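Structural characterization, general
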Amino acid sequence: MKTWRAGVGAIGVLLVLTCQVTAQILSDEFVQGIHRQLRTAEYFNDPKPCAPGQLTVCIGCKKIKICIGAETEDGNPEQDCPAATPHCNSEEGGVCSTIPDPLEECAAAATEFTCTASGKFPDPYSCDGYYYCETVGGLGDAYKCPTGYNYNSKVQLCQRAFGAFGGCQPVNCTGVTAIFTQYPGNPQYFFYCKPGADETIPKEPIMFSCGDGASFDVKENKCIYKCPREGLFKKEGSPASYYQCYFSGGRLVAKEKKCPGEGQVFDETKKTCLKSMMNESFRKQSCRISAQDDLFSVGTLRAATAAIDEFESPSACAAGQLAVCVGCKKIKI
């Protein structure tokens, strides 16, 4: 009897220890990233001089010195690396490259990231980085995961060994012809490849987010929101937008809507558009949203004229908007 009780007690202790170890492993598996500086110093604190037989030498993360054999270092001319190869890499022989110099002050630096919505975005160039955006059109705060961790955009945390077996794929704009392309690994995100000033400059990926509960559909070329039920639901990353979910043809469908008033945001608790509290001219007023306003409509007369290349007064891009029509067959990203 005592032996049986001792065995049960040992098993109980083992289970407790196992749970504690498992909890510790899980708590260590996901961590926050470390904030990165946005821009690098123009010059290194202690740049290396030109050595005999050397053509160029890195004097900054994005700056080289041409070794022309001048009597003094000041006599050797300096030059910024071109946009196509913006980084000066000393390990490659002090040449301009697409790869940053391994020096900590260069490798840890981040490139500028233009925010298209609020929230977190994966770094399109790197598996171990991400950006946090507060305002549309602003610059995102850059973060880098610790060594051995990569950013998991689905849980929005750095995860140990995530992507070690091909789960992470940086964005590659080479050969991309579609307007929008789904981000590899997480359909919540997608990107637009912005052309460079000329063919020698690589295309720049501009990241977008569909928000929680939505994913980018390649065939439809737009975000599709999966309705949890009937009703109105906010669109993550776009405060002035929301989804109207209703039954049509026997199935639950979603339609994206925007608050009609300037400076209004959608309040998910009150299910209505309200004047933003951030606006100094805030007034206690709201616009009531009818759940039926899109179920019935009157037809619109169409002109049988040729398509206009560009409208005389095209609409400007609004916050949270992906594209606007600037002509009958032309859009602005």
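Residues numbered from 1 in each chain as written. Predicted model: local features only at pLDDT ≥ 70, side-chain atom pairs only at ≥ 80, totals over all residues. Heavy atoms only, no water.

Points about the nonpolar core
Looking at soluble globular proteins, one finds that nonpolar side chains tend to be buried together. Our working definition: Working definition of a nonpolar core: buried Ala, Val, Leu, Ile, Met, Phe, Trp, Tyr and Cys residues. They are joined through side-chain atoms within 4.5 Å. Categorising residues by exposure relies on relative accessible area from a 1.4 Å probe, with only protein chains included: less than 20% of the type maximum marks a residue as buried, more than 50% marks it as exposed, and the intermediate range marks it as partly exposed. Runs of H or I in DSSP of at least four residues are treated as helices and runs of E of at least two as strands, each being numbered from the N terminus. Any two residues having at least one pair of non-hydrogen atoms within 4.5 Å are treated as being in contact.
Among the nonpolar cores identified, the biggest contains 15 residues, and Phe113, Phe121, Val171, Phe191 and Met207 are the most heavily contacted of them. Among the elements of the structure, β9 (129–133) and β14 (189–194) are those that each provide at least two residues to this core. Broken down by element, the residue count for this core peaks at 3 residues, all from β14. When sequence neighbours within four positions are dropped, the list of residues in contact with phenylalanine 113 reads Phe121, Pro124, Tyr131, Cys133, Gly138, Leu139, Gly140 and Met207. Counting 14 residues, the second-largest nonpolar core is a separate cluster that includes Tyr192, Phe216, Cys227 and Cys245.

Regarding the environment of valine 326
Tracing the chain through its elements places valine 326 in strand β24 (residues 324–327). A relative accessible area of 9% places valine 326 in the buried class. Considering only alpha carbons, one finds valine 326 and proline 314, 12 residues apart in sequence, at a separation of 5.0 Å.

Re the sheet that holds strand β13 (residues 181–182)
For the record, the criterion: Here a strand pair is declared whenever DSSP counts at least two bridges between the two strands.
With respect to topology, 3 strands assemble into an open sheet ordered β13-β14-β15, the strand pairing being antiparallel. On the outer flanks of this sheet lie β13 and β15 (204–209), each paired with one strand and no other. Pairing analysis gives 2 bridges linking β13 to β14, with the strands arranged antiparallel. Note on β14: the bridge partner recorded for glutamine 182 is phenylalanine 190.

Details of the layout of surface pockets
The cut-off we apply is this: Put simply, the grid is 1 Å and covers the protein atoms alone, a cavity is a trapped set of points that fit a 1.4 Å probe, a pocket is an open set with protein on both sides within 12 Å along at least five of seven lines, and lining residues have an atom within 4 Å of a point. Grid points are joined across faces, edges and corners, and a volume is the space filled by probe spheres set on the points. In this classification, Asp, Glu, Lys and Arg are treated as charged, Ala, Val, Leu, Ile, Met, Phe, Trp, Tyr, Cys and Pro as nonpolar, and every other residue, Gly included, as polar.
Of the voids in this model, the second largest pocket is the one considered here, and its volume is about 700 Å³. Lining the second largest pocket are 24 residues, with Lys222, Cys223, Ile224, Tyr243 and Glu256 sitting closest to its centre. Elements with a contribution of two residues or more to the lining of the second largest pocket: β17 (222–225) and β20 (251–258). No other element matches β20, which puts 8 residues into the lining of the second largest pocket. A per-class count over the lining of the second largest pocket returns 13 nonpolar, 3 polar and 8 charged.

What about the state of the cysteines?
In plain terms, the rule: A pair of sulfur atoms, both from cysteines and within 2.5 Å, is called a disulfide here.
The tally for this structure, following the rule as stated, stands at 9 disulfides. Shown here is the disulfide that connects cysteine 50 with cysteine 67, its sulfur atoms set 2.1 Å apart. Disulfide cysteine 50-cysteine 67: torsion about the S-S bond near -85°, hence left-handed. Remark: cysteine 67 occurs in the loop between β4 (63–66) and β5 (78–80) and cysteine 50 occurs in the loop between β2 (34–35) and β3 (56–60); sequence separation between them is 17 residues. By relative accessible area, which is 19% here, cysteine 50 ends up buried.

Notes on the confidence of the model for the chain
Threshold: Along the chain, pLDDT gives the predictor's confidence residue by residue, from 0 to 100.
The predicted model of the chain averages 77 in pLDDT, with 73% of residues at 70 or higher. Below a pLDDT of 50 lies the segment residues 13–26, which in the model reaches 1 contact outside its immediate sequence neighbourhood of four places, other chains included.

What about the packing of aromatic side chains?
Applied cut-off: Two rings from Phe, Tyr or Trp (for Trp, the six-membered ring) form a pair when their centres are within 6.5 Å of each other. A pair whose planes differ by under 30 degrees is stacked, one over 60 is edge-to-face, and the rest are tilted. Over a ring means this: the NZ of a Lys or the CZ of an Arg is within 6 Å of the ring centre and within 35 degrees of the ring normal.
For the structure shown, the criterion picks out 15 aromatic pairs. An aromatic cluster is defined as three or more aromatic residues linked by ring pairs; in this entry it consists of Phe113, Phe121, Tyr131, Tyr183 and Tyr189. In this structure, lysine 271 packs its charged tip against the face of phenylalanine 233, placed 4.9 Å from the ring centre.

Side note on the environment of alanine 240
One can find alanine 240 in the loop between β18 (231–234) and β19 (241–248). Each C-alpha atom, one on alanine 240 and one on leucine 274, is 9.3 Å from the other, the two residues being 34 residues apart in sequence. If near-sequence neighbours (up to four positions away) are discounted, alanine 240 is found in contact with Lys257, Lys258, Cys259, Gln264 and Val265.

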